[in-house]
Amino acid sequence: MAREDDRILGAQEVADLLDMNVQMVRKYAREGRLPAYRLPGGRTFKFFRSEILEYVRSYPVDASDFASQPG
């Protein structure tokens, strides 16, 4: 049985997961900033959920980063 982290996601699913615009997800994938894959001859990016979560965990956020922002 596959684990939830082993799922393959499309760009829109990654955008929803990261609360990002789908165009930005595609841009980051093209630039190599997000771990992504294309099938030979394919135009769309595919992502492993586990790799996206690992990427996010590698950039920890400190709550003090948001303390001075209005809102």
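Residues numbered from 1 in each chain as written. Predicted model: local features only at pLDDT ≥ 70, side-chain atom pairs only at ≥ 80, totals over all residues. Heavy atoms only, no water.

Draft legend 1. Spotlight on the overall build of the chain. In terms of regular secondary structure, the chain is built from three helices and two strands. Reading the helices (α) and strands (β) of the chain from amino to carboxyl end gives β-α-α-β-α. Looking at the chain as a whole, 21% of its 71 residues are labelled buried. Put simply, 39% of the contacts in the chain that link residues at least 6 apart link residues at least 24 apart. For the chain, the exposed surface amounts to about 5600 Å²; the carbon and sulfur share of it is 52%. (Helix = DSSP H or I, 4+ residues; strand = E, 2+ residues; numbered from the N terminus. Buried < 20%, exposed > 50% of the residue type's maximum accessible area, 1.4 Å probe, protein only. Contact = heavy atoms within 4.5 Å. Areas by Shrake-Rupley, 256 points an atom, 1.4 Å probe, with all protein chains shown as cover.)

Draft legend 2. Examining the pattern of salt bridges more closely. The final tally for this structure, using the stated rule, is three salt bridges. For glutamate 13, the salt bridge is made with arginine 7, and the minimal N-O distance between the two is 3.1 Å. Residue class for glutamate 13 comes out partly exposed when judged on its relative accessible area of 37%. The class for arginine 7 is partly exposed, based on a relative accessible area of 33%. The closest approach of N and O atoms between arginine 33 and glutamate 31, which form a salt bridge, is 3.5 Å. Salt bridges sharing partners connect three or more residues here, namely Lys27, Glu31 and Arg33. (Salt bridge = Lys/Arg side-chain N within 4 Å of Asp/Glu carboxyl O.)

Draft legend 3. Region of the structure containing the packing of aromatic side chains. Taken as a whole and judged by the stated rule, the model has three aromatic pairs. Aromatic side chains tyrosine 37 and phenylalanine 48 sit 5.5 Å apart centroid to centroid with 75° between the ring planes, which places their arrangement in the edge-to-face category. With a gap of eleven residues between them, tyrosine 37 in the loop between α2 (22-31) and β2 (47-48) and phenylalanine 48 in strand β2 connect regions that are remote in the sequence. Seen from their ring centres, phenylalanine 45 and phenylalanine 47 are 6.3 Å apart, and the 40° between their planes marks the pair as tilted. Across the pair, phenylalanine 47 and phenylalanine 45 agree in class, each one buried. A cation over a ring is seen here: arginine 33 above tyrosine 28, with NZ or CZ 3.9 Å from the ring centre. Seen from the ring of phenylalanine 45, arginine 38 lies directly overhead, with NZ or CZ sitting 4.1 Å from the centre. (Phe/Tyr/Trp six-rings, centres within 6.5 Å; stacked < 30°, edge-to-face > 60°. Lys NZ or Arg CZ within 6 Å of the ring centre and 35° of its normal.)

Draft legend 4. Expanded view of a positive patch on the surface. Taken together, Arg26, Arg30, Arg38 and Arg43 make up a surface patch of like positive charges. Mapped onto the secondary structure, arginine 30 falls in helix α2. Arginine 30 sits in the exposed class, given a relative accessible area of 55%. (Patch = residues over 30% accessible without salt bridge, like charges linked within 9 Å, V, L, I, M, F, W, Y side chains within 5 Å. Lys, Arg positive; Asp, Glu negative; His and termini not counted. Charge placed at Lys NZ, Arg CZ, Asp CG, Glu CD.)

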